[in-house]
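# Observations on the three-dimensional arrangement
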Amino acid sequence: MYISQSFIPILKNNPSEAKIKSHQLMLRVGMIKQSSAGIYSWLPLGFKVMKKIEDIVREEQNKIGAQEILMPTIQSSEIWKESGRYEDYGEEMLRIKDRQDREMLYGPTNEELVTDIFRASVKSYKSLPQLLYHIQWKFRDEIRPRFGIMRCREFYMKDAYSFDISDEEALFSYNKFFLSYLKTFKRLDLTAIPMAADTGPIGGNLSHEFIILAETGESKIYTDKRIFDLKSEGTKLEKKSLEDLRKKYEEFYSVTDEKFNKNEFEKKVSETNRLKTKGIEVGHIFYFGDKYSKPMGASVDLPGGKKDFVKMGSYGIGVSRLVGAIIEAKYDEKNEIMKWPISVAPYDIGIITMINKNDNSALEKANKFNSELEKNNIDAIIDDTDENFSSKIKKMNLIGAPYQIIIGKQTEGDLIEFKEVGKETKKLKITEIIEIIKKQKEKN
Ligand code: 5CA
């Protein structure tokens, strides 16, 4: 892609309305545009990153046997009246009337709708477990939308739902998502820590929030530093292995402020290991048994002939919020340098050309190298404009491709100035550059 033809509306300066760095960068580099309070359009650069995050989330859901569906954004109030949440959800729910005067709503979450789908066709324990998920827009009429897409009103979420015959089986499902979340966030190059959390309007008595550390985060957390050293590698998709993994994490005190107890914290965590800080909630999982299946009559036949309500859990990932969370974790705001993890980078490499008027040789070289990159599925953005060199570098640093090459008149023969952002510049052949990038991409 040539910058001259792209729709990447970069601003010269930081927008004054943005208070945190992800919001600043996203507006600055034209990833999003606000359309009304807490509602955004996603422009090409932002959309590309979000779609790549979505792909990784989807792959990791599929790996644990979850099946993708797509439920609508607009729901009928009837099912919410059945579960009893229509009134409870309060002002955060956007309520709409259709032309027949029927009460509809823009879904803030989907426990009711998925339970309705399940109960219509699953009648026997033999069809369990079922893990269903979708990736869809949600609307919550937040009282104070803020920080751009971090706490907005319309946002993109992966929400999954599990249906099981017993508590034991349901915890097996819960633990599958627990592992899948650790793997998903790792592929996004984030360290997300599972923390015991409150269940709020979703309900239930077992819940973990997955939080990444960030000074600008809205969640207060209290944790044992040693939890950051835990690894999930080697965990198998089997009951015992998954249970051990969750227990390993639960051994370390790690909670959000609703669950915080000072005495317990000080008793369980030595002073040197105590960490009180802030973080961003990127995922949240819940186990709530028959909270929805009972009032909505979602039951199955059991082996002995009796019936019972299915045991359910729900599992959310803030796909759109993750775009901001990755920026919070990776953006060097002082030097105005973004480096996207290669797994979600909008472009793998930025090609900066030093073009003089009447001399196209640098651009010709860039085109030649780019065709080699393309053959190897390496996605490049080429600055083909005639702006000055320093503003080209600045722009490329904001776009955040993790690798850059510089091509000028001096680029002679095979050797190209190449660097991984944040590291020293090297002179390499295009074949060597391709190898480096391919290796990095394969890791994900
Ligand atoms: N039904 C459950 C799980 S599927 C649920 O809705 N959980 S949630 O409320 O915790 O939301 C899941 C994730 O969506 C959160 O962890 C967060 O990453 C994201 N999220 C929630 N509210 C917002 C918001 N206002 N703006 C952006 N992302 C949000």
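Structural notes, computed from the coordinates. Chains are numbered independently. Their residues run from 1 in the order of the written sequence. Predicted model: local features are reported for residues with pLDDT of at least 70 only, side-chain atom pairs are reported and counted for 80 or more only, and whole-chain, interface and lining totals are derived from all residues. The side-chain values count all of the structure's non-hydrogen atoms but skip hydrogen atoms and water molecules.

## Digging into the site of the ligand
How we decide: Residues are labelled near a given molecule or strand when at least one of their non-hydrogen atoms is within 4 Å of it. Under the rule applied, a polar contact is a pair of N or O atoms within 3.5 Å (in protein, one hydrogen donor and one hydrogen acceptor; residues adjacent in sequence only if both atoms are side-chain atoms). Surface exposure here means Shrake-Rupley accessible area, sampled with a 1.4 Å probe, where a residue is shielded only by the protein chains that are shown. A run of H or I in DSSP counts as a helix once it spans at least four residues, and a run of E counts as a strand once it spans at least two, with each numbered from the N terminus.
Around the ligand sit 22 residues, and of these Thr-109, Glu-111, Arg-140, Cys-152 and Glu-281 come closest. At a separation of 2.7 Å, a nitrogen atom of the ligand approaches a polar side-chain atom of Thr-109. Between the ligand and the protein, one listed contact pairs an oxygen atom with a side-chain N or O atom of Arg-140 at 2.8 Å. Bound to the protein, the ligand loses 96% of the 600 Å² it would expose on its own. The biggest single contributor to the shell around the ligand is strand β13 (residues 274-289), with five residues.

## A closer look at helix α10 (residues 361-375)
Heads up, the rule is: By this rule, a helix spans an expected 1.5 Å times one less than how many residues it contains. When accessible area is computed with a 1.4 Å probe and restricted to protein chains, residues below 20% of their type maximum are described as buried, those above 50% as exposed, and intermediate ones as partly exposed. Our arc is simply the arc of the directions from the helix axis toward the C-beta atoms. The contact criterion used is simple: two residues touch if any of their non-hydrogen atoms lie within 4.5 Å.
The end-to-end C-alpha distance of α10 is 22 Å, a good match for the 21 Å that 15 residues give at a rise of 1.5 Å each. Those residues of α10 lying buried are Ala-362, Leu-363, Ala-366, Phe-369, Asn-370 and Leu-373. Projected onto a plane normal to the axis of α10, the buried residues spread over an arc of 125° and lie on a single side. Turned more than 90 degrees from where α10 packs its buried face, Glu-364, Lys-368 and Lys-375 sit exposed. The inward-facing, buried residues of α10 abut β17 (349-353), β18 (380-383), β19 (403-407), β20 (416-420) and α12 (430-443). Positive backbone phi, at 60°, marks Asn-377, one or two positions downstream of α10.

## Considering the pattern of salt bridges
Let me state the cut-off plainly: The term salt bridge refers to a pairing of a side-chain nitrogen on Lys or Arg with a carboxyl oxygen on Asp or Glu at a separation within 4 Å.
Applying the stated criterion to the full structure yields 38 salt bridges. Here Glu-264 makes a salt bridge to Lys-268, at a shortest N to O gap of 3.2 Å. Taken as a pair, Glu-264 and Lys-268 lie in helix α8 (residues 262-268) at a separation of four residues, close to a single helical turn. Residue classification places Glu-264 among the partly exposed residues on the basis of a relative accessible area of 33%. In this structure, the salt-bridge partner of Lys-375 is Glu-372, at a minimum N-O distance of 3.1 Å. Taken together, the residues Lys-375 and Glu-372, both in helix α10 and three residues apart, mark about one turn of the helix. Using a relative accessible area of 62% as the deciding quantity, one classes Lys-375 as exposed. Residue class for Glu-372 comes out partly exposed when judged on its relative accessible area of 31%. Put simply, Lys-51, Glu-54, Asp-55, Arg-58 and Glu-68 are held in one network by salt bridges that share partners.

## Some details on the environment of Leu-113
Assignment of secondary structure puts Leu-113 in helix α5 (residues 111-121). Judged by its relative accessible area of 13%, Leu-113 is buried. In sequence terms Leu-113 and Lys-357 are 244 residues apart; their C-alpha atoms lie 61 Å from each other. Leave out the neighbours within four places in its chain, and Leu-113 touches Met-71, Pro-72, Gln-75 and Ile-79.

## Brief notes about the sheet that holds β17
Operational definition: Strands are labelled as partners when DSSP assigns at least two bridges between them. Here an angle of 0 to 180 degrees is reported between the N-to-C directions of two axes, which are lines fitted to C-alpha atoms, with helices fitted over the stretch in contact.
Spatially, β18-β17-β19-β20-β21 is the arrangement adopted by the five strands of the open sheet, whose pairing is mixed. In the strand order of this sheet, the two ends are held by β18 and β21 (426-428), each with one partner. Ignoring strand direction, the axes of neighbouring strands in this sheet form an average angle of 30°. Here β19 runs beside β20; their pairing, made up of four bridges, is antiparallel. By the bridge assignment for β20, Ile-406 is matched with Glu-417. The strands touched by α10 within the sheet are β17, β18, β19 and β20, with β17 carrying the most contacts at an inclination of about 165°. Along the sheet, helix α11 (residues 389-399) contacts β17, β18 and β19; its crossing angle with β17, the most-contacted strand, is approximately 170°.

## Some thoughts on the pairing of β17
On a regular strand, one side chain projects to one face of the sheet and the next to the other, so that they alternate. Formally: For a crossover, the right-handed case is the one in which the path from the first strand over the helix to the second runs clockwise, viewed with the strands pointing away from the viewer.
For β17, the buried fraction is high: five of the five residues fall into the buried class. Neither face of β17 is exposed, since Ile-349, Ile-351 and Thr-353 on one face and Gly-350 and Ile-352 on the opposite face are all buried. Pairing of β17 with β18 involves four bridges; the strand directions are parallel. Bridged to Ile-352 within β18 is Asp-383. Each parallel crossover has a hand, and for β17 linked through α10 to β18 it is right-handed.

## Topic: unusual backbone geometry
Across the junction of Leu-128 and Pro-129, the peptide omega takes the value 0°, indicating a cis bond. Positionally, Pro-129 belongs in the loop between α5 and β7 (130-139). One non-glycine residue with positive phi stands out, namely Asp-101, at about 70°. Here Asp-101 is to be found in the loop between β5 (94-97) and β6 (103-106). Backbone geometry at Asn-377 places phi at a positive 60°, although glycine is not the residue there. Within the element layout of this structure, Asn-377 appears in the loop between α10 and β18.

## Looking at the pairing of β20
As paired strands, β20 and β21 are joined by three bridges and run antiparallel to one another. Each bridged residue has a counterpart across the sheet, and for Ile-416 the counterpart in β21 is Leu-428. Hairpin connection, β20 to β21: the antiparallel pair is bridged by five residues, and Gly-422 has positive phi, about 90°.

## Re the side chain of Ser-207
Assignment of secondary structure puts Ser-207 in strand β10 (residues 206-213). With relative accessibility at 4%, the residue Ser-207 sits in the buried group. A polar side-chain atom of Ser-207 sits 3.1 Å from the main-chain carbonyl oxygen of Ile-285. In this structure Ser-207 touches Tyr-174, Met-195, Ala-196, Ala-197, Asp-198, Thr-199, His-284, Ile-285 and Phe-286, once residues within four positions along its chain are discounted.

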